[in-house]
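# Architecture at a glance
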Amino acid sequence: MPPVLSDVISALDALWPPALAEDWDATGLVCGDPQAPVSRVLFAVDPVQEIADEAIERGAQLLITHHPLYLRGTTSVAADTFKGRVVHQLIKHDVALFVAHTNADRADPGVSDALAGALDLRVTGPLIPDPTDPAGRRGLGRICALDRPLTPAEFARYAAERLPATAQGVRVAADPAAPDRPIRTVAVCGGSGDSLFPAVRAAGVDAYVTADLRHHPASEAREHTGLTLVDAAHWATEWPWCALAAAELDAVSERHGWGLRTHVSHRITDPWTAHASSDPNTTPGAPN
C-alpha cells in the first residue's frame, strides 16, 4: 500500500538525520501535504525548473534534491521569480519537495561514499569523523585507497572516465617536479571541498578529489604537500549520491511493502554549458 508523505519523510529523516545538518543549512520538507499519498519519487541534485518539469512529467508525488531551493530564506514565493515559479508549479501538480543537503554529506553512507563508489575507490574511513558516531563511519569526506597505484595523469583520466560528463570536465594540479609520483590513497569530498584542506593534509593522502577549488587554497595545498588535486564539476561530484539515495529508499519501501517507484534524473543541471580550452604553450598577447 502506498505510504503518505509523512511516512516517507520519517524514513528519509532516519537515513539522513536532520541533526547532522550544518546550522546554516536548509533541509527537510519545502512544500507538500504530509497526508498526501506517495507512489513515485524523483531524485536530483538541483531543484531547478528543468527538474521540476521532469518530476511532473514522470508523475512523481515527491522530488528529493540534494541542494536546497531556499538556502538563505525568503520573504516571498511569488511566481515572478524562478524559485517562486518552481514552488507554484510543484504545488499545482501535487509534487512535494524534500531536501537532504549537509545531513546527507555526513550520513553513513553519504554523498562522499557515493563519489568514492563512482570512482571505484575503497573507503577506509571519514576524512573528518563525526565525534557523535561510535562506529566512526559518519563525517565529512572520505579517505580511500586505490586497488593499484596510478600516476597523476592516469588518475585524472580515470576520474574523468567515471564521473558524469560536464562542460568543465576534470582539472588536475600535480607536482611538476614529480609527474609520475604514484597515487595510492585518495581523499574525496562531494561538492565544494577546499575548506577541508587542513584535514586532507593531516590525512597524508596522495590525491584529493572534490569540486570548486579556488586558486589560492589549491596553490597553497600543492606547494606545501605535493598533493595531486582533481577538481571536477560540483554537480558531477554529487550526482552519484542520487542513485545511492534512491537505492536506500527502495530498501525501505521493500521492507514496508510500500511499492514505491524511484527514479534518478539524468538531466545535467551543472550551470556551465561549454568549455573552450586554451593552448598552454601560447603567450597571451603575443603575435601569431
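Each remark here, short or long, concerns the structure printed above.
In this report, the structure presented in the accompanying data block is examined. In this numbering scheme, every chain counts its residues from 1 along its sequence in written order. Two thresholds apply to this predicted model, a pLDDT of at least 70 for residue-level local features and 80 or more for giving and counting side-chain atom pairs, whereas whole-chain, interface and lining totals are computed over all residues. Only hydrogens and water are removed before side-chain values are computed, so all heavy atoms of the structure are retained for them.

Our next topic: the sheet that holds strand 9 (residues 207–211). A pair of strands is considered paired only if DSSP assigns at least 2 bridges between the two. In this description a helix means any DSSP run of H or I spanning at least four residues, a strand means any run of E spanning at least two, and both kinds are numbered starting from the N terminus. What the 6 strands build is an open sheet, ordered 5-6-8-9-10-7; its pairing is mixed. Each having just a single partner strand, strand 5 (122–129) and strand 7 (170–173) make up the two edges of the open sheet. Averaged over all neighbouring strand pairs, the angle between strand axes comes to 25°, with direction disregarded. Relative to strand 10 (residues 228–232), strand 7 runs antiparallel, the two sharing 4 bridges. Paired with Val170 across the bridge in strand 10 is Ala232. Packed on one face of the sheet, helix 5 (residues 111–118) meets strand 5, strand 6 (139–150), strand 8 (183–192) and strand 9 and runs near 130° to strand 8. Any two residues having at least one pair of non-hydrogen atoms within 4.5 Å are treated as being in contact. Lines fitted to C-alpha atoms define the axes here, with helix axes fitted over just the stretch in contact, and angles between the N-to-C directions of these axes take values from 0 to 180 degrees. Along the sheet, helix 6 (residues 152–162) makes contact with strand 6, strand 7, strand 8, strand 9 and strand 10, crossing strand 6 at roughly 120°.

Now for the pattern of salt bridges. Close approach of charged atoms allows side chains with opposite charge to pair. Any Lys or Arg side-chain nitrogen located within 4 Å of an Asp or Glu carboxyl oxygen qualifies as a salt bridge. What the rule picks out here adds up to 12 salt bridges. In this structure, Asp108 and Arg137 form a salt bridge, with 2.8 Å as the shortest nitrogen-oxygen distance. Residue Asp108 is located in the loop between helix 4 (102–106) and helix 5, and its partner Arg137 is located in the loop between strand 5 and strand 6; the two are separated by 29 residues in the primary sequence. One salt-bridge network, in which partners are shared between bridges, spans Glu54, Glu57, Arg58 and Arg267.

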